[in-house]
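As a plain string of letters, each chain reads:
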Amino acid sequence: IARYAVFGHPIVQSLSPRIHAAFARQCGIALEYTAIDAPAQDFAAELERFAGAGGRGANVTAPLKEAAFALCAQTSSRARRAGAVNTLTRNDGQWHGDNTDGAGLVRDLTGRHGLDLRARRALLVGAGGAARGVAPALLDAGIGELVLVNRTPERADALADALGEPGRAHSRYWKDLRDLGDFELIVNATSAGRDPDAAFSAPLSLVNSRTLAVDLNYGEVAIPFLAWARSAGCHNVVDGLGMLVEQAAEAFEQWHGVRPQTDAVYTALRERED
Ligand code: ATR
């Protein structure tokens, strides 16, 4: 049986095994997909062990996406633009890396949520692996202006430099957020919500009545940011569950050559939450 896995730390909460199992049932494909907990210092060894045991493909989640990029023999252009990998495929004894996060987010926002991203003003909060994965796809989708802020400003500067479109994508200091006006899209790509005591705080002036607030996380980790957005007056708030299902579909298609239907899987996971 073909073996697949998701690597991360922590990983127990991951929905990826359930999503890939559902896609496999739908498409009549036999596979095993497990979750492997790998602290950063063990990741390279765990991935080699997995390859040795017949692993053919893997997803990678926080905090390993930049490390995964470094372990690949070959990478797709969108992975190189992100400097981060979330999808690994074993070919000829080597890992090939891709990043399907951005395509997954854009598909969720434009397809499932009917948002037109063209010429919109967007604020991206965070500059780690998740932010790096989605920023290029937001620009490709036609975002008019992408403002990058991060707790550690140098990482936002580095991401802006890597994007290489100073006219559209630029970094700002967190302390200057109140001078930036409002945004039609605000994306939280930080992992701050992992801290159970975390509260998200930012000026309410970032939000207008039509702002869409998106957290790339799902479940409890998304609560602080989405609660802030609601309190700021956002009517449209979305967590990262749709993006998760869409990025999984992209990976599934690469590995198995068929594109799964995502709506039923998304709805089933959403209902389980309630
Ligand atoms: P991921 O793959 O989820 O992006 P990561 O690469 O470790 O994980 O990046 C985590 C992001 O969340 C970073 O932008 C980080 O900010 P720093 O670069 O300053 O570390 C951000 N982050 C984590 N905890 C945070 C907090 N309490 N407040 C604000 N930002 C936080």
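Computed from a predicted structure; not experimentally measured.

Attention shifts here to the site of the ligand. In the vicinity of the ligand lie 18 residues, with G128, G129, R151, T152 and A192 positioned nearest. Among the elements that take part in the shell around the ligand, helix α6 (residues 129-140) stands out by supplying three residues, more than any other. Broken down by class, the residue content of the shell around the ligand amounts to eight nonpolar, seven polar and three charged.

Judged by pairing direction, the sheet is mixed, and its six strands sit side by side in the order β2-β1-β3-β5-β6-β4 without closing on themselves. In this open sheet, the two strands that pair with only one neighbour each are β2 (31-37) and β4 (74-75). With five bridges connecting them, strand β5 (residues 87-91) and strand β6 (residues 94-98) associate as antiparallel partners. Following the sheet pairing, T89 is matched in β6 by H96. Packing against the sheet, helix α1 (residues 16-27) makes contact with β1 (2-8), β2 and β3 (55-60), and its axis sits at approximately 175° to β2.

When the domains of the protein are assigned, the result is domain 1 (2-99 + 245-273) and domain 2 (102-239). A separation of 24 Å is found between the C-alpha centroids of domain 1 and domain 2. Counting from both sides, the interface comprises 15 residues of domain 1 and, opposite them, 13 residues of domain 2. Counting only elements with at least two residues in the side of domain 1 that touches domain 2, the list comes to α3 (65-71), α4 (77-82) and α9 (241-256). Here the residues of the side of domain 1 that touches domain 2 sort into four nonpolar, five polar and six charged.

A word on unusual backbone geometry. Here H9 and P10 are connected by a cis peptide whose omega angle stands at 0°. Within the fold, P10 resides in the loop between β1 and α1. Notably, D92 is not glycine yet its phi reads approximately 50°, a positive angle. Take D92: it is sitting in the loop between β5 and β6. Accessibility expressed as a C-beta count within 10 Å gives 7 for D92, which makes it exposed.

Here is what the cut-offs are and how they apply
- Residues numbered from 1 in each chain as written.
- Predicted model: local features only at pLDDT ≥ 70, side-chain atom pairs only at ≥ 80, totals over all residues.
- Near = placed C-beta within 6 Å.
- Helix = DSSP H or I, 4+ residues; strand = E, 2+ residues; numbered from the N terminus.
- Nonpolar A, V, L, I, M, F, W, Y, C, P; charged D, E, K, R; others polar.
- Pairing = 2+ DSSP bridges.
- Contact = placed C-beta atoms within 7 Å.
- Axes fitted to C-alpha atoms, helices over the stretch in contact; angles between N-to-C directions.
- Domains from an automatic or database assignment.
- Buried ≥ 20, exposed ≤ 12 C-beta atoms within 10 Å, placed from the backbone.

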